[in-house]
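# Examination of the molecular architecture
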Amino acid sequence: MLTHNIDYFKYKPDDLPKTTILLDNSYHPEKLTQALETVYPEIMTKIQFELSAKPSKAEKAAKGQSGFVPVAARW
């Protein structure tokens with residue numbers, strides 16, 4: 001998705017804040033960074049990755065949930 005929209009980041013003015021991209025815990029920011037930098041070496045001056053917090057077992061149990069639970073910030 002990012003490589004298909006790379007022009008957005010290439011032309012994004014440098015004085016704007018970095019775009020934060022939330023990732024769930026199955027993604028590896030270092031691998032994404034490496035792959036994106038082969039397409040556009042300056043990409044990390046425009047974006048930053050942040051791993052989304054996932055609910056603990058206790059938090060899920062308090063809500064009567066178990067297993068995979070979608071997190072609003074990621075969905």
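First things first, this report covers the structure right here in the doc.

Parameters at a glance
Residues numbered from 1 in each chain as written. Predicted model: local features only at pLDDT ≥ 70, side-chain atom pairs only at ≥ 80, totals over all residues. Heavy atoms only, no water. Helix = DSSP H or I, 4+ residues; strand = E, 2+ residues; numbered from the N terminus. Rg over C-alpha atoms; globule rule 2.2 N^0.38 Å. Buried < 20%, exposed > 50% of the residue type's maximum accessible area, 1.4 Å probe, protein only. Areas by Shrake-Rupley, 256 points an atom, 1.4 Å probe, with all protein chains shown as cover. Salt bridge = Lys/Arg side-chain N within 4 Å of Asp/Glu carboxyl O.

### As for the overall build of the chain
For the chain, the count of helices and strands is 3 helices and 2 strands. Each helix (α) and strand (β) of the chain, taken in turn from the N terminus, gives the series α-β-α-β-α. Its C-alpha atoms give the chain a radius of gyration of 16 Å, clearly above 11 Å, the size a compact globule of 75 residues would have. Overall, the C-alpha framework of the chain stretches about 45 × 25 × 15 Å when taken along its three principal axes. A total of 75 residues make up the chain; the buried ones form 24% of that total. For the chain, the exposed area adds up to about 5700 Å²; of that, 56% sits on carbon and sulfur atoms.

### Digging into the environment of Ala-35
When you line up the elements, Ala-35 lands in helix H2 (residues 29–39). Through-space distance from the C-alpha of Ala-35 to that of Thr-20 is 17 Å; in sequence the pair is 15 residues apart.

### Here we look at the pattern of salt bridges
Counting across every chain of the model gives 1 salt bridge. Across the pair Lys-46 and Asp-14 runs a salt bridge whose closest N-O atoms are separated by 3.2 Å. Of this pair, Lys-46 sits in the loop between H2 and strand E2 (47–51) while Asp-14 sits in the loop between helix H1 (6–10) and strand E1 (19–23); the two residues are 32 residues apart in sequence, bridging distant segments of the chain. Looking at Lys-46, the relative accessible area reads 5%, which means it is buried.

Everything listed here is a matter of geometry and, on its own, says nothing about what the molecule does.
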